[in-house]
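So you can see what is in the structure, the chains are spelled out below.
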Amino acid sequence: MTTSVSPQVAVIGAGVVGTSIALALRRRGAEVLLVDRDEPGRGCSYGNSGAISAASIVPLAMPGVLASVPAMLLDDESPLYLPWRYLPAALPWLLRFVASARPAAVQAAAARLAELHAGALDAHEAMARELGVPELFLRRGHLHLYPDEQALAKDATGWRMREAAGFRVERLDRAGIEALEPGVSTRYRIGLYLADHATILNPLRYVQAMASAFVAGGGEVLRAEVTSLAQGPGGWQLRTAGEADARAFQHVVVAAGAWSRGLLAPLGVPLALESQRGYHVQFTGGRDVVSRTVVLADRKVFVTPMEQGLRIGGTVEIAGLRAPPDERRAAVLGRIARENFPALRDLPAQTWMGHRPCMPDSVPVIGPAPGHPGLWLATGHGHLGLTQSLATARRIADALLG
Ligand SMILES: Cc1cc2nc3c(=O)[nH]c(=O)nc-3n(C[C@H](O)[C@H](O)[C@H](O)COP(=O)(O)OP(=O)(O)OC[C@H]3O[C@@H](n4cnc5c(N)ncnc54)[C@H](O)[C@@H]3O)c2cc1C
């Protein structure tokens, strides 16, 4: 696609983060090129669990995290898994992750996440309406399930932090769980219910709707791999595979998810970013098994009634950007789903793996790259990029356009 006017801002990455930013900038008058090697929404943003989790202000690195490292290394069914062969590459990030578990660092991260999540539910509801896809936004709450007090105790600090931040959490017994979700296995006896939380029922279609609105408003989408980024006399020079000449922009926003570190490294912009690979298993049919986002909290598994079927999402695998998906990880999710929802037993299912872009302290990097005028960072959204996308877009647009 070509245009006679040179866009002034290039946004690299058309995931939910980059596409939200491109749309926000375009709506406020900027000339914007959105570049992705793939169709919008096909990266990590494709297969997530769709949860708008405003209350998820608890970082992943919590006090005591060191104790979980042996299980991560040895148990390939653990919700957190790190294959031995990737340990040397992951070590610098892991050390920062462990350092982020200090109580003061945890409180600081939680405060920043709470600020970023404020208003997320209403913002996504309004966005879905504006995009003409209100049916994708389901505000029916999130139900987190525990089998017993012992399992709940492991997450007690996190729930206290959520309540202290002002989120309303309702405790349910087995009858309360059944009243909301009769199909849930009798194994689960305790429910914690966030009644005002919401779900995007098709994350891909949501990003596609944003991209369509961006193009309809005069934005340009280019499907190409960005091969290099350099500061030149005419601004930022962006080279893509397949284009002979570099294009110049006043501003470039790097929103390339887990791949952002590789794009920024040649510029000397260090980014402690690591991929936490997550998987989903999606059953064709079976979406009536639950009627809202249900979290099997002891297994760290999200169960979502998506438009296309029942999606079971979860697991964290730290194994880098290059290794192929490990089907054993997806198989664990499938097994957990079938054990807890017998109706799924004979249904066909597809699997998927995506790269969550994760910072050690779970706080995304949003704003100008120090020492590089015109270069902006919007990455590191980890487990919550869908939730955080619209606030990220607002922050970048405010800072970039003044
Ligand atoms: C199993 C799972 C469940 C999840 N559930 C939730 C949830 O319920 N709620 C929530 O809020 N979040 C959830 N997440 C996290 C969320 O999906 C991510 O945080 C979010 O998708 C990150 O968005 P992004 O735009 O930064 O990255 P991506 O969606 O990965 O987009 C990055 C884009 O950059 C492009 N790109 C990279 N390098 C280049 C290059 N050199 N040239 C051109 N293009 C390039 C890629 O093609 C890609 O499209 C989940 C994640 C997983 C894996």
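As a starting point, this report considers the structure included with it. (Residues numbered from 1 in each chain as written. Predicted model: local features only at pLDDT ≥ 70, side-chain atom pairs only at ≥ 80, totals over all residues.)

To continue, consider the overall build of the chain. When you go through the chain residue by residue, the secondary structure sums to 12 helices and 21 strands. For the chain, whose C-alpha radius of gyration is 21 Å, the value lies close to the compact-globule estimate of 21 Å for 402 residues. Taking the principal axes of the C-alpha coordinates as reference, the chain spans close to 65 × 45 × 40 Å. For the chain, the proportion of its 402 residues judged to be buried stands at 49%. Put simply, of all contacts in the chain between residues at least 6 apart along the chain, 75% involve residues at least 24 apart. (Helix = DSSP H or I, 4+ residues; strand = E, 2+ residues; numbered from the N terminus. Rg over C-alpha atoms; globule rule 2.2 N^0.38 Å. Buried ≥ 20, exposed ≤ 12 C-beta atoms within 10 Å, placed from the backbone. Contact = placed C-beta atoms within 7 Å.)

This brings us to the packing of helix α5 (residues 120-130) against helix α12 (residues 385-401). With their axes 9 Å apart at the nearest point, α5 and α12 run at an angle of 85° to one another. Regarding the angle of α5 to α12, the classification is roughly perpendicular. For the pair formed by α5 and α12, the contact residues are Ala-120, Ala-123, His-124 and Met-127 on the first element and Thr-387, Leu-390 and Ala-391 on the second. For the contact of α5 with α12, the per-class residue count stands at 5 nonpolar, 2 polar and no charged. (Axes fitted to C-alpha atoms, helices over the stretch in contact; angles between N-to-C directions. Parallel < 35°, antiparallel > 145°, perpendicular 65-115°, else oblique. Nonpolar A, V, L, I, M, F, W, Y, C, P; charged D, E, K, R; others polar.)

In this section: helix α3 (residues 87-99). Taking 1.5 Å of rise per residue, the 13 residues of α3 would be expected to cover 18 Å, and the 17 Å separating its terminal C-alpha atoms lies within 8% of that figure. Along its length, α3 reaches its greatest deviation from straightness, about 35°, at Trp-93. (Expected span 1.5 Å × (residues − 1). Bend = angle between axes of the 7 residues up to and from the residue.)

Before going further, it helps to examine the sheet that holds strand β14 (residues 251-254). If you walk across this open sheet you meet the 6 strands as β10-β2-β1-β14-β21-β20, and the pairing is mixed. With one partner strand each, in any of the chains shown, β10 (220-223) and β20 (365-368) form the two edges of the open sheet. Averaged over all pairs of adjacent strands, the angle between strand axes in this sheet comes to 20°, irrespective of strand direction. Note that strand β1 (residues 9-12) and strand β2 (residues 32-36) share 4 bridges and pair parallel. Bridge assignment links Ile-12 to a residue of β2, and that residue is Val-35. (Pairing = 2+ DSSP bridges.)

Spatial ordering of the open sheet is given by β3-β9-β5, a layout of 3 strands whose pairing is antiparallel. Whereas interior strands pair on both sides, the edge strands pair on one side only; in this sheet they are β3 (51-52) and β5 (137-138). Of the strand pairs in this sheet, β3 and strand β9 (residues 198-200) are connected by 2 bridges, and their pairing is antiparallel. Within the sheet, the bridge partner assigned to Ile-52 lies in β9 and is Ala-198. Sheet strands touched by α5: β3, β5 and β9. Its angle to β9, the strand with the most contacts, is close to 40°.

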